[in-house]
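Chain by chain, the residues run as shown.
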Amino acid sequence: MATQIDTHPTALPQQVGQLTTGWKLAMGASFLLLVVGIVAFIRELSTGMIATGMRNVGTMGGASWGLYITMVVYFIGVSFAGITIAALVRIFNLRQLRPIARIAELLTVVFLLMGSLAIIVDLGQPVRGVINLFRYARPQSPFFGTFSLVIAGYLAASLIYLYLGGRRDAAKMAEYPSRLQRFHRWWAAGYSDTPEEQARHRKTSFWLAVTIIPLLVIATSTLGFVFGLQVGRPGWYGTLQAPAFVTLAGVSGTGLIIVLAVIVRRMVHDKTALGIDVFAWLGKFLLALVIVYLYFMTVELLTLLYSTPEVEKQLSDALLFGQYAWIYWGSVALLAIPAIGLMWQALTRRWNVGWLVAAGIAVNLAAIGKRFLIVVPSQTHGTLLPYEVGSYSPSWVEYGVVLGLFGLGALMIGAFVKAFPPLPLGDREEVTADA
Amino acid sequence: MRRNVTAAMIAGGIVLMLVGYLGAAPWGADTVANSDPRFSFAPAVFVIGVIVALSAALVYELMPDRRNK
């Protein structure tokens, strides 16, 4: 613990409390996106779901689950990887990954909140929907697991994990006078870094991690079952849905952790805080997940093309050669090209942070594309009843709301990193008096 | 004391989860009308159970030992 006590205002480590021009610009842009999202959502509330591009399946030739549900699946997927990496760091004592544990936990909490909001905006009657969920949800339905385990259990576990893991650093930060001292003192909650407290924290975080891992695998698999258990919907019904959901969740989350870690590294002006070994580990982990997911995609493709019944044939044609082909092949390219690049870096053992960021962004775009393809085409081209083929295009309201959610997420992350150190404080980091 | 409260919270959380789950899942009901939860807000009880059990970690870390007082 630091021993230097001063009554003057202090410059806190990792740029905490220092609102730089770049940060203000980024937050201003995020706030604008949030305003766009709020305006779009008000429009949706006032005119009803007709303001969106969603229409009834079959009778209206549309899709009743569209961009919002696509983003729900994507957001929850990102959160899955965040907490998985944070938990693995604790369980297997992966020392080299400790610096990114808090970033991963933060990403989990923020994206879970965004996922919850994405579900709410998809409901025509949000308040009624939320109340009735707690009133009537049935455990026989995979939605029960999604809402109870993902939104409640998973979010609670992640918040507790983030809070307890930050107490030591909060205690360090609270020793020095700053505008945030009261907040840091509250977070520390009397922590004094005694050997007993350290041992207690190790034990708690280990058992929390052990609890969280199965919880989140069940929760994310349940989200896959929402689609995978629908017998009457070609393209959804299948055993690969749950494991493919979990794998793509890992891909998108790991990609975003890389991007956020690089932003944090630049923000704290300390490249040694997050060394290349951390990025090499994340790159290899991302590569392994992308390869597994590409394998799932290949198996799925071969199954679709082999002795396909009529409706499945219609669906596979739409995916591979029809109106969704550009999203399908675009997603394949956005997974395959980063995989080749990552493999090259792994073989040569020369990791380039810029390339890793590009790979992280690319696999996230691919993940959004793939989530869209999971959600939409089975509704427009997969009806077993004799309806005409349908179509779905999101309206500006849906794009606006989704942009607003991203803006909100960026604001939450931006506010956090200016209120609390995004990387664990090392013993070498002293809080220095402001000049 | 701290260990006892933690254990009680975990046990209480599991009991709430069981009560909520069994209340929300009327196994054996064979009609839609009978498949509503046995009592209103049973799913909420399940969710509260999950949160109570997980919050035991907070108690374990934050509650002071009696001998340290």
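First, a word on what this report is: a plain description of the structure on this page. Please read all numbers here as calculations on a predicted model, not as lab measurements. (Residues numbered from 1 in each chain as written. Chains lettered and ligands numbered in written order. Predicted model: local features only at pLDDT ≥ 70, side-chain atom pairs only at ≥ 80, totals over all residues. Heavy atoms only, no water.)

## Examining the packing of aromatic side chains
In the structure shown here, the tally under the stated rule is 17 aromatic pairs over all chains. Grouped by ring-pair contacts, the aromatic residues Tyr163, Phe183, Trp186, Trp187, Phe416 and Phe420 of chain A constitute a single cluster. The positively charged end of Arg371 of chain A is found above the aromatic ring belonging to Phe245 of chain A, 4.8 Å away from the centroid. Sitting over the face of the ring of Tyr60 of chain B, Arg2 of chain B holds its NZ or CZ atom 4.7 Å from the ring centroid. (Phe/Tyr/Trp six-rings, centres within 6.5 Å; stacked < 30°, edge-to-face > 60°. Lys NZ or Arg CZ within 6 Å of the ring centre and 35° of its normal.)

## Here's the deal with empty space enclosed by the protein
Residue and element names in this part refer to chain A. Under the criterion given, the structure shown has one cavity of 30 Å³ or more. Here the largest cavity is characterised by a volume of approximately 30 Å³. Among the secondary structure elements, those contributing two or more residues to the lining of the largest cavity are helix H5 (142–165) and helix H8 (195–228). By residue number, the principal contributor to the lining of the largest cavity is H8, which donates four residues. Of the residues belonging to the lining of the largest cavity, the class tally is three nonpolar, four polar and two charged. (1 Å grid on protein atoms, 1.4 Å probe; cavity = no way out; pocket = protein on both sides within 12 Å on 5 of 7 lines; lining within 4 Å. Points joined across faces, edges and corners; volume = space filled by probe spheres on them. Helix = DSSP H or I, 4+ residues; strand = E, 2+ residues; numbered from the N terminus. Nonpolar A, V, L, I, M, F, W, Y, C, P; charged D, E, K, R; others polar.)

## Details of the environment of Pro64 of chain B
On the secondary structure map, Pro64 of chain B appears in the segment after helix H2 (42–62). Distance from Pro64 of chain B to Asp36 of chain B, taken between C-alpha atoms, is 44 Å for residues 28 residues apart in sequence.

## Thoughts on the side chain of Thr380 of chain A
Among the structural elements, Thr380 of chain A can be located in helix H14 (residues 377–380). Those residues in contact with Thr380 of chain A, other than ones at most four positions away along the chain, are Gly62, Ala63, Tyr324, Val389, Gly390, Ser391 and Tyr392 of chain A. (Contact = heavy atoms within 4.5 Å.)

## Focus on the environment of Tyr191 of chain A
Residue and element names in this part refer to chain A. Among the secondary structure elements, Tyr191 is positioned in the loop between helix H7 (181–188) and H8. Residue class for Tyr191 comes out buried when judged on its relative accessible area of 9%. Measuring from C-alpha to C-alpha, the distance between Tyr191 and Asp169 comes to 9.5 Å, with 22 residues separating the pair along the chain. The residues contacting Tyr191, other than those within four sequence positions of it, are Arg167, Arg168, Ala171, Glu197 and Gln198. (Buried < 20%, exposed > 50% of the residue type's maximum accessible area, 1.4 Å probe, protein only.)

## Some details on the interface of chain B and chain A
Counting residues at the interface gives 27 residues for chain B and 27 residues for chain A. For the pairing of chain B and chain A, the buried interface totals around 2,400 Å² over both sides, and the portion due to carbon and sulfur atoms is 69%. Taken together, chain B and chain A are joined by one salt bridge. In this assembly, chain B and chain A are joined by seven residue pairs in polar contact (both at pLDDT 80 or more). Of all the secondary-structure elements, those providing two or more residues to the side of chain B that touches chain A are helix H1 (2–24) and H2 of chain B. Element by element, the count of residues in the side of chain B that touches chain A is highest for H2 of chain B, at 14 residues. (Buried area = accessible area lost by both parts, 1.4 Å probe. Salt bridge = Lys/Arg side-chain N within 4 Å of Asp/Glu carboxyl O. Polar contact = N/O pair within 3.5 Å; in protein donor to acceptor, adjacent residues only side chain to side chain.)

## A word on the packing of helix H2 (residues 67–91) of chain A against H8 of chain A
To characterise two packed helices, one gives the angle between the axes of the helices and the distance between these axes. Residues and elements named next belong to chain A. Where H2 contacts H8, the axes come no closer than 9 Å and their chain directions differ by 155 degrees. Put simply, H2 runs roughly antiparallel to H8. As H2 packs across H8, the resulting crossing turns out to be left-handed. Contacts from Ile69, Val73, Ile76, Phe80, Ile83, Thr84, Ala87, Leu88, Arg90 and Ile91 in H2 reach Ser205, Phe206, Ala209, Val210, Ile212, Ile213, Leu216, Val217, Thr220, Leu223 and Phe227 in H8. Taken together, the residues of the contact of H2 with H8 sort by class into 17 nonpolar, three polar and one charged. (Axes fitted to C-alpha atoms, helices over the stretch in contact; angles between N-to-C directions. Parallel < 35°, antiparallel > 145°, perpendicular 65-115°, else oblique. Left-handed = near helix turned anticlockwise from the far one by under 90°.)

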